[in-house]
Amino acid sequence: MKSKQVVLSLAVCAALFVGLSRPAWAVNGAQPGGNGAANAAMGGASIALPLDSEAAANNPAGLAFVPSSMTLGLQVFHGNSSSHYVLPGNTLHNSETTFGPEGGVNWHVSSHWAVGLSVNFGGAGADYGQPALPVPDAPNAKTSLQVIELVPTVAWRPSDNFAIGVGPNLAYERFEAQGVIVPAPVPGGLLPLPKHGQQQATGVGMRMGILWKLTSDLSLGASLKSRTSMGRLAGYEKDLLAYSDGHLDIPSQYGVGIAWRATPNLTLAGDWLRINWGDLRVMKDPDGFRWRNQPVWRVGAAFALDDAWTLRAGYSHSQRQITSDVTVQNLFVPSINNRAFTAGITRRLNQSSSVNLGYEFNPKTTLQGSGLSTGTSLTSKVQMLMASYQHDI
């Protein structure tokens, strides 16, 4: 009965995503800084430090070291962005608060095998509430990308200190863009692209990882996620996404991590991650977004005050995937934040339940255009609140 309730809870989590989520700003392109409230509060450091049943979204092998449990979580994004766009005095503003559910469940079916499902989300977009440029009949500048990924995972623990995890990456995305203005042989030389409305696509990739506990206090981990090939977003293959035939794939990524229990009360963790945005066909369009591959560094610390309370903090830094010469093309996805400061707290309610709260602050940052983007700038500031409930089953 408990397992049915857990599966139902995760189904509700996915349904909330489909029904309620809107475009979100994320510190790493279109991805959140961390998956799972506890790990996110530690700067996202997680590859060698599984803390809950959402571990498969960070490193599938981590499920082997997490007790049979369920996690239900929520991330709340609040972002502000603005742009001085192309023409002097043409200033656009964007401010939204959005919600994204996440969670996971895992079971130890034997001393060597664990199975589970992790759910995570991401997205990017903007809604400026006005046309990007004073072009006749141009609709308001707006775009929205929402992605949910389900990771059903099998983790094998051949020895007490080593585990291998693998599973498919099942993805669903929704995309909409309007008000994109392009050069055209018409009076004024500019023309808005036609609307295609909100379109959907699904896709499949793979995730795998290893986790090795060298000692009881020191762990090393590595994870790999393949490119997730998504279906065609109907209509967009005619114009905005013509270069990729209407496909907006999810990038491959790989990373390594380390976790060290420095004292009985203090745990330190660090990750290095590479997200291969630049390898996607859609990013190779000379007139498109042109995101480059993005390295990410994440460090975090957790300090147990006692058996009930744990404090967490962290920092994340990445190389921007957007370069200054393509500032104009990225008005609709102003994901330019490259630093994040995090903090959080865990309260253990009893032997089987705990609550995690976390906060992430991405300071105000500005990208000034260069080359063909001279005269355009993007500015963004993001704050996130994370919360989760974990229960052993």
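Just above sits the structure.
Residues numbered from 1 in each chain as written. Predicted model: local features only at pLDDT ≥ 70, side-chain atom pairs only at ≥ 80, totals over all residues. Heavy atoms only, no water.

Asker: Sorry, what's going on with the overall build of the chain here?
Answerer: The secondary structure content of the chain amounts to two helices and 17 strands. Taking 393 residues into account, the globule formula puts the C-alpha radius of gyration at 21 Å, and the chain, at 21 Å, falls close to it. Across the 393 residues of the chain, 55% fall into the buried class. Pairs at least 24 residues apart make up 68% of the contacts formed inside the chain by residues separated by at least 6 positions. (Helix = DSSP H or I, 4+ residues; strand = E, 2+ residues; numbered from the N terminus. Rg over C-alpha atoms; globule rule 2.2 N^0.38 Å. Buried < 20%, exposed > 50% of the residue type's maximum accessible area, 1.4 Å probe, protein only. Contact = heavy atoms within 4.5 Å.)

Asker: Please explain the environment of A201 as it appears in this structure.
Answerer: Secondary-structure assignment places A201 in strand β8 (residues 199-213). A relative accessible area of 5% means that A201 is categorised as buried. A201 sits 41 residues away from A242 along the chain, and the two C-alpha atoms are 16 Å apart. With residues up to four places along the chain from it excluded, the contact list for A201 reads A171, Y172, E173, M230, G231, R232 and L233.

Asker: Looking at this model, I keep getting lost on the pattern of salt bridges. Mind explaining?
Answerer: Think of it this way: side chains of opposite charge can pair up when their charged atoms draw near. Going through the model one piece at a time under the given rule, you end up with six salt bridges. The closest approach of N and O atoms between R290 and D325, which form a salt bridge, is 3.3 Å. Residue R290 is found in the loop between β12 (266-275) and β13 (294-304), and its partner D325 is found in the loop between β14 (309-318) and β15 (339-348); the two are separated by 35 residues along the sequence. Classification of D325 by relative accessible area gives partly exposed; the value is 30%. Members of the salt-bridge network, linked through shared partners, are E149, R207 and K225. (Salt bridge = Lys/Arg side-chain N within 4 Å of Asp/Glu carboxyl O.)

Asker: Can you help me understand the layout of surface pockets in this one?
Answerer: Rolled over the atoms, a probe with the dimensions of a water molecule shows which regions are left empty. Taken as a whole, the largest pocket spans an internal volume of roughly 1,000 Å³. Looking at the largest pocket, it is lined by 38 residues, and the ones nearest its centre are L49, P50, L51, T267 and R312. Elements supplying a minimum of two residues to the lining of the largest pocket: β9 (218-225), β11 (253-261), β13, β14, β15, β16 (353-368) and β17 (377-392). Residues of the lining of the largest pocket, tallied by class, amount to 17 nonpolar, twelve polar and nine charged. (1 Å grid on protein atoms, 1.4 Å probe; cavity = no way out; pocket = protein on both sides within 12 Å on 5 of 7 lines; lining within 4 Å. Points joined across faces, edges and corners; volume = space filled by probe spheres on them. Nonpolar A, V, L, I, M, F, W, Y, C, P; charged D, E, K, R; others polar.)

Asker: So what exactly am I meant to see when it comes to the packing of aromatic side chains here?
Answerer: Each aromatic ring pair is summarised here by two numbers: the centre-to-centre distance and the angle between the ring planes. Tallied over the entire structure, the rule returns six aromatic pairs. A centroid spacing of 5.7 Å and a plane angle of 80 degrees characterise the contact between F77 and F121, whose relative ring orientation is edge-to-face. Placement of F77 in strand β1 (residues 69-84) and of F121 in strand β3 (residues 113-127) is noted, with a sequence separation of 44 residues between them. Its relative accessible area of 1% is what places F77 among the buried residues. Between K213 and the ring centre of F65, over which it is positioned, the NZ or CZ distance is 5.2 Å. (Phe/Tyr/Trp six-rings, centres within 6.5 Å; stacked < 30°, edge-to-face > 60°. Lys NZ or Arg CZ within 6 Å of the ring centre and 35° of its normal.)

Asker: Looking at this structure, how should I read the side chain of N90?
Answerer: Turning to its location among the elements, N90 is positioned in the loop between β1 and β2 (91-108). For N90, a relative accessible area of 12% corresponds to the buried category. Within the structure, the side chain of N90 is placed 2.8 Å from the backbone oxygen of A132, a separation counted as a polar contact. Once you skip the residues sitting within four places of it in the chain, N90 turns out to touch S83, H84, Y85, Q130, A132 and L133. (Polar contact = N/O pair within 3.5 Å; in protein donor to acceptor, adjacent residues only side chain to side chain.)

Asker: What's the story with a nonpolar patch on the surface in this structure? I'm lost.
Answerer: Together, V109, W113, V154, W156, I164, V166, M206, M208, I210, L224 and Y254 give the surface a local cluster of nonpolar side chains, amounting to about 920 Å² of exposed area. Element by element, the count of residues in the nonpolar patch is highest for β8, at three residues. Counting through the fold element by element, W156 comes out in strand β4 (residues 142-159). The partly exposed category is assigned to W156, whose relative accessible area is 36%. (Patch = residues over 30% accessible without salt bridge, like charges linked within 9 Å, V, L, I, M, F, W, Y side chains within 5 Å. Areas by Shrake-Rupley, 256 points an atom, 1.4 Å probe, with all protein chains shown as cover.)

Asker: Would you explain the pairing of β12 in this entry?
Answerer: Regular strands show a simple pattern: their side chains alternate between the two faces of the sheet. Direction of pairing for β11 relative to β12: antiparallel, over a ladder of nine bridges. Within β12, the residue paired with I258 across the bridge is G270. In textbook terms, the turn of a hairpin is the stretch between consecutive antiparallel strands, and for β11 and β12 this stretch comprises four residues. Examined bridge by bridge, β12 and β13 share ten bridges and lie antiparallel to one another. By the bridge assignment for β13, R274 is matched with P295. (Pairing = 2+ DSSP bridges.)

Asker: Mind showing me how you'd approach the side chain of E54 here?
Answerer: Within the fold, E54 resides in the loop between α2 (37-40) and β1. Buried and unpaired, E54 has no salt bridge, with R207 as the nearest side chain of opposite charge at 9.0 Å. When near neighbours in sequence (up to four residues on either side) are disregarded, E54 contacts N35, G36, E102, G103, G104, S118, V119 and N120. (Lys, Arg positive; Asp, Glu negative; His and termini not counted.)

Asker: Can you walk me through the nonpolar core in this structure?
Answerer: Soluble globular proteins tend to bury their nonpolar side chains together. A132, F175, L233, W291 and L331 are the most contacted members of the largest nonpolar core, which has 43 residues in total. When contributions to this core are tallied by element, the ones reaching two or more residues are β3, β4, β5 (162-178) and β12. Looking at this core, the element that brings in the most residues is β5, giving three residues. When residues no more than four places from it in sequence are discounted, the contact partners of A132 are Y85, N90, L92, A141, G179, I181 and L331. (Core = buried A, V, L, I, M, F, W, Y, C linked by side-chain atoms within 4.5 Å.)

Asker: Would you mind going over the pairing of β13 with me for this structure?
Answerer: Pairing geometry for β13 and β14, over nine bridges, is antiparallel. Within β14, the residue paired with A304 across the bridge is T310.

Asker: How do you make sense of empty space enclosed by the protein when you look at a structure like this?
Answerer: Within the structure shown, the criterion is met by four cavities of 30 Å³ or more. What the largest cavity holds in volume is close to 290 Å³. In terms of lining, the largest cavity is formed by 25 residues, of which the most central are A30, L145, V147, L248 and W277. Elements represented by at least two residues in the lining of the largest cavity include exactly β3, β4 and β5. The class makeup of the residues in the lining of the largest cavity is 16 nonpolar, five polar and four charged. Volume-wise, the second largest cavity comes out at about 230 Å³. Along the wall of the second largest cavity there are 22 residues; nearest its centre are Q31, N35, A57, R207 and Q253.

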